[in-house]
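Close look at the chain arrangement
Residue-level listing of the chains:
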Amino acid sequence: MQISKCSKKLQCLLSFLSILSPSFALTQTFVITHAAGRMGKLLASQIREGALLYGDNHDSPTPVKIRAVVRSDEEAKSVLCDLAGMVTRDGITSHRETDWLETVVIGDIS
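Calculation criteria
Residues numbered from 1 in each chain as written. Predicted model: local features only at pLDDT ≥ 70, side-chain atom pairs only at ≥ 80, totals over all residues. Heavy atoms only, no water. Core = buried A, V, L, I, M, F, W, Y, C linked by side-chain atoms within 4.5 Å. Buried < 20%, exposed > 50% of the residue type's maximum accessible area, 1.4 Å probe, protein only. Helix = DSSP H or I, 4+ residues; strand = E, 2+ residues; numbered from the N terminus. Contact = heavy atoms within 4.5 Å. Pairing = 2+ DSSP bridges. Axes fitted to C-alpha atoms, helices over the stretch in contact; angles between N-to-C directions. Salt bridge = Lys/Arg side-chain N within 4 Å of Asp/Glu carboxyl O.

Here we take up the nonpolar core. Of all hydrophobic cores here, the largest spans 17 residues; its most connected members are Ile32, Ile47, Ile66, Val79, Leu83 and Leu101. For this core, the secondary structure elements donating two or more residues are strand E1 (28-32), helix H2 (38-54), strand E2 (64-70) and helix H3 (73-84). Not counting residues within four places of it along the chain, the set of residues in contact with Leu83 comprises Lys41, Ala44, Ser45, Trp100 and Leu101.

Written as structure tokens, this is what we have:
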């Protein structure tokens, strides 16, 4: 039930954003803090999926950009591997390159 409410809200938000910029291509950037947690990853994937499904900016391959704020390099790798996917080249496993996902490591703030 919670996911469907979130999905409806996301659909409304993306519809609203598409009304604001109907005449030119504009990439919206969403910043997600605590992105390495399960809810941060879920939110990022729903924003991305919603933009692809409900957005009217089909000329651009990346209608939204996600900036994931994390606390360590390990969390950044986790986000990239989970959201962008993984690939193995010449026996080396790494995350896939994306133009819609960016990670920012801020470290622990004490």
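Having put the structure on the table, let's press on.
Within a regular strand, side chains alternate between the sheet's two faces. Here E1 shows one buried face, formed by Gln28, Phe30 and Ile32, and one open face, formed by Thr29 and Val31. As defined by bridge partners, E1 adjoins E2 across 5 bridges and the pair is classed as parallel. For Phe30, the partnering residue across the bridge sits in E2 and is Ile66.

Right, let's talk about the environment of Thr29 for a bit. With respect to the element layout, Thr29 can be found in strand E1. According to the relative accessible area criterion, Thr29 is partly exposed, its value standing at 38%. Placed 71 residues apart in sequence, Thr29 and Trp100 show a C-alpha to C-alpha distance of 9.0 Å.

Read across the sheet, 3 strands follow the order E1-E2-E5 without closing on themselves; strand pairing throughout is parallel. At either end of the open sheet lies a strand with only one pairing partner, and these are E1 and strand E5 (101-105). Averaged over neighbouring strand pairs, the angle between their axes works out to 20° when direction is ignored. Relative to the sheet, H3 contacts E2 and E5, its axis offset from that of E5 by approximately 170°.

Turning to the pattern of salt bridges, a few remarks are in order. For the structure shown, the criterion picks out 4 salt bridges. In this structure, Asp82 engages Lys41 in a salt bridge whose closest nitrogen and oxygen atoms are separated by 2.4 Å. Note that Asp82 is positioned in helix H3 and Lys41 in helix H2, a separation of 41 residues in sequence. When its relative accessible area of 15% is taken as the criterion, Lys41 is described as buried. Here Glu102 makes a salt bridge to Lys65, at a shortest N to O gap of 4.0 Å. Separated by 37 residues along the polypeptide, Glu102 in strand E5 and Lys65 in strand E2 bring together distant segments of the chain. What makes Glu102 partly exposed here is its relative accessible area of 27%. Look at the salt bridges and you will find they share partners, linking Lys65, Arg67 and Glu102 into a network.

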